[in-house]
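Structural features, examined
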Amino acid sequence: MIRNFLFTLMFFSSIGTVSYSADRLTEYSISESNGSCSSSQLLGDERKESISRIDPLFWWTGMKNPELQLMVSGYNIADYSLSINYPGVKIKSVHPMESPNYMVVYLDVKDAKPGKFTLNFSKGRKKLKYDYELKARVGAPEDRVGFGSEDVVYLLMPDRFANGDEANDHLKMKYPYITDRNNRGARHGGDIAGIIDNLPYLDDLGITAIWTTPVLENDMGEMSYHGYAATDYYRIDPRLGSNEDYVRLASEMHKRGMKLIMDMVFNHCGSRHPWVIDPPMRDWFNNYDRKVYTNHNKGAYYDPYVADIEKYEMTDGWFVDSMADMNQRNDFLADYLIQNSIWWIEYAQLDGIRQDTYPYPDVDMMKRWCDAVMTEYPNMNIVGEILITNPIGTAFWQRGSKLNPVDTGLKSVMDFHLQSIATKAFNEETSWNTGLQTIFEHFSLDFCYPDIYNVMRLYENHDVDRFLHTDPENLGAYKQAVTVLLTVPGIPQLFYGQEILSSGTTIKHGYEGIRPDMPGGWKGDKINVFKGEGLTDMQKEAHQFMKTILQWRKGNEVISKGTMKHFMPRNGVYVYERRCGDKSAVVILNGISKDNELSLEHYKEILGDKRSGRDVITGRKVNLDNTLKLSPKEVLILEL
């Protein structure tokens, strides 16, 4: 979720009462100078009755759910009747929308074979035709295995990662925007081609999955580089590339054994989406006529004392004027969103979904969505953004939770409590209630999660402060934090630049300050992360440290599947074991900034009769006799 509340385009800040007519589109035609578009740009020629588009763009035969929803857009299309003559395709129902410029059709394609057919629309003597295609599915949906605890997820912002195709830097869009790297809020030119170009770097680092912030069209003018205000749910933003480029990204990743996670947003769309200008139905959006803004009270779902108005504002309020709050209780909209996500999984062969602002949309619809996706792809994974900084509130949302009277069906959730305490905990000295003691206490609350291996662990992302608030003086805290993130149960998530010590806070640097360009992603950059050029000695050391653990972690079932046993920090030292079968790894962290000595007698239940272990980080043999001498903030990962 984007919490940059300075991102307010103030578009349609007072839209007015919804009224429907064939001329609806012309009511909000605004001159090109202030960034809007004409009715012909939205739904075809202004006065010519026609079909401008049908969503989804195509579909497949052999889906487990044989129902296909078609959303037909076109000037006055609601007045037409529909006929189809294609074996196996049956019209179940036709629904003219309240706006005459939309029609929703439900088809049964259970018995259809792959091929093209024609949708015939008629109104008296007027005839309109639209060719549609049903494709053959590729591969078995059961074979699609989503991301999991065996993976390390790398979050990147395409516009800020690497510019692989300069030809799309200044494409003409409906609304004016700037591409200028010197302007932190403008677009910088990063794209899908840049990600593809640098897959070898990420693969070599040890990354196994990539989550990009949204890549769908965000034709919103300024400040839309982040992608969280979609204006077309079936089109990759052309400034990032094409639909085909996105499919190529997935294909190139799969060749390397890597997985692609798509960031989806059901709660809101951009205020310049055609739906906002011409809503298909009066209840397509929440509070369309009179703005109500969300209070972000995500505890409203489980708070036993919550006021009705608080829950209403939470679920039905807008983020900002530029992000229209969609009403998922509208069944037509709900079906559209559910089908759209399945379309992208099938089309791009996705390996997972990250759902933005998960508690904000209608909870019943979100459960229906999870069930629909997991029915079609039983081994898929979905992680929901549950930005709640207490483990119990987060666990409430994971499927199978005994805390929630309704099973959400959501497989994976994000551990924002760990994120909220990590910077302080790893940077301070460990005592009875500080430092690594707070990390120990955090993990002791893992009991509340139904499935700890599907909890995404993180320290930073695009919405929160970097783990490092400023450039570090040494790597003690950083190395301990990286070690914990990559060795405890769950799915670790990194944020681009974390491997080279990117730092910053939203208060001091703003949201754009924590989302800098990746050095080396643009021609002429003096520092090139991807080639290892121009980095400081400390950056090189941090990068190598993370790479060593990441590569060791690959395919290591001790870490991906193993049990965990930890010990309360003693004398400032935190010790835990990961075990799978007869294999184990022991992590030892000295939580104080001075030499330390650890008596090993207390840890016999995990050390047994072992007298030595190999340190994964350095490769050296570590003796495990009676005591262990530790240097300030030392980290050991011992294979026994």
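Everything in this summary refers to the structure shown in the same document. Along each chain, numbering runs from 1 in the same order as the chain's sequence is written. Given that this is a predicted model, residues contribute local features only at a pLDDT of at least 70 and side-chain atom pairs are listed and counted only at 80 or more, while totals for whole chains, interfaces and linings are drawn from all residues. Values reported for side chains reflect all heavy atoms of the structure, with hydrogen atoms and water molecules removed beforehand.

What follows concerns the overall build of the protein chain. The number of helices and strands found in the protein chain is 17 helices and 28 strands. Taken over the C-alpha trace, the protein chain has a radius of gyration of 26 Å; the compact-globule value for 640 residues is 26 Å, and the two agree within 12%. A 1.4 Å probe rolled over the protein chains alone gives each residue an accessible area, and that area as a share of the maximum for its type sets the label: buried under 20%, exposed over 50%, partly exposed in between. Counting only residues that meet the buried cut, the protein chain has 62% of its 640 residues in that class. The contact definition used throughout considers only heavy atoms, calling two residues in contact when any of these lie within 4.5 Å. Here the contacts in the protein chain between residues at least 6 apart in sequence split such that 73% fall between residues at least 24 apart. Here the open area of atoms and residues is found with the Shrake-Rupley method and a 1.4 Å probe, where only the protein chains shown may cover a residue. Only carbon and sulfur atoms are counted for the fraction: they give 49% of the accessible area of the protein chain, which is about 24,400 Å². Counting 72 positive and 87 negative side-chain charges, the protein chain places the averaged centre of each group 3 Å from the other. Helical segments are the DSSP runs of H or I of at least four residues, strand segments are the runs of E of at least two, and each set is numbered from the N terminus. The globule rule is 2.2 Å times the number of residues to the power 0.38, and the radius of gyration it is compared with is taken over C-alpha atoms. Positive: Lys, Arg. Negative: Asp, Glu. His and the chain ends are not part of the count. Charged groups are reduced to one reference atom each: NZ for lysine, CZ for arginine, CG for aspartic acid, CD for glutamic acid.

Attention shifts here to the pattern of salt bridges. Every case where a carboxyl oxygen of Asp or Glu lies within 4 Å of a side-chain nitrogen of Lys or Arg is listed as a salt bridge. The final tally for this structure, using the stated rule, is 41 salt bridges. For lysine 424, the salt bridge is made with glutamate 428, and the minimal N-O distance between the two is 2.9 Å. The exposure class of glutamate 428 is buried, given its relative accessible area of 18%. Within the structure, one salt-bridge network assembled from shared partners comprises Asp263, Arg354, Asp356 and Glu385.

Between helix α11 (residues 416–427) and helix α12 (residues 436–443), whose axes approach to 8 Å, the crossing angle comes to 160°. Classed by the angle they form, the pair α11 and α12 counts as roughly antiparallel. Considering the relative orientation of α11 and α12, their crossing is left-handed. Contacts between α11 and α12 involve His417, Leu418, Ile421, Ala425 and Phe426 from the former and Leu436, Thr438, Ile439, His442 and Phe443 from the latter. The angle between two axes is taken between their N-to-C directions and runs from 0 to 180 degrees, where each axis is a line fitted to C-alpha atoms and a helix contributes only its stretch in contact. An angle below 35 degrees is treated as roughly parallel, one above 145 as roughly antiparallel, one from 65 to 115 as roughly perpendicular, and anything else as oblique. Note on convention: the crossing is left-handed when the near helix lies turned anticlockwise from the far helix by less than a right angle, right-handed when the turn is clockwise.

This part takes up the pairing of strand β13 (residues 259–264). One face of the sheet, then the other: side chains in a regular strand alternate in exactly this way. Burial within β13 is extensive, with six of its six residues counted as buried. Residues Lys259, Ile261 and Asp263 of β13 are buried on one face, and the alternating residues Leu260, Met262 and Met264, pointing to the opposite face, are buried as well. Two strands qualify as a pair provided that DSSP identifies no fewer than 2 bridges between them. Here four bridges tie β13 to strand β16 (residues 352–355), and the two strands are oriented parallel to one another. Among the inter-strand pairings, methionine 264 is bridged to a residue of β16, identified as glutamine 355.

Glancing now at unusual backbone geometry. The step from aspartate 55 to proline 56 runs through a cis peptide bond, and the omega angle for that step is 0°. Mapped onto the elements, proline 56 comes out in the loop between β1 (53–55) and β2 (59–60). For asparagine 76, which is not glycine, the phi dihedral falls at a positive 65°. By secondary structure assignment, the location of asparagine 76 is in the loop between β3 (67–73) and β4 (81–84). When its relative accessible area of 11% is taken as the criterion, asparagine 76 is described as buried. Even without being glycine, asparagine 571 reaches a positive phi, approximately 55°. Mapped onto the fold, asparagine 571 is located in the loop between β21 (563–570) and β22 (573–580).

Take glutamine 437: it is sitting in helix α12. What makes glutamine 437 buried here is its relative accessible area of 6%. Aside from chain neighbours lying at most four places away, what touches glutamine 437 is Thr430, Ser431, Trp432, Met568 and Pro569.

Now for the environment of methionine 568. Checked against the element boundaries, methionine 568 lands in strand β21. What makes methionine 568 partly exposed here is its relative accessible area of 47%. On a C-alpha basis, the gap between methionine 568 and phenylalanine 440 in space is 6.5 Å, while along the polypeptide they are 128 residues apart.

For helix α14 (residues 506–513), the complete set of buried residues consists of Thr506, Tyr511, Glu512 and Gly513. Buried residues belonging to α14 abut α2 (158–161).

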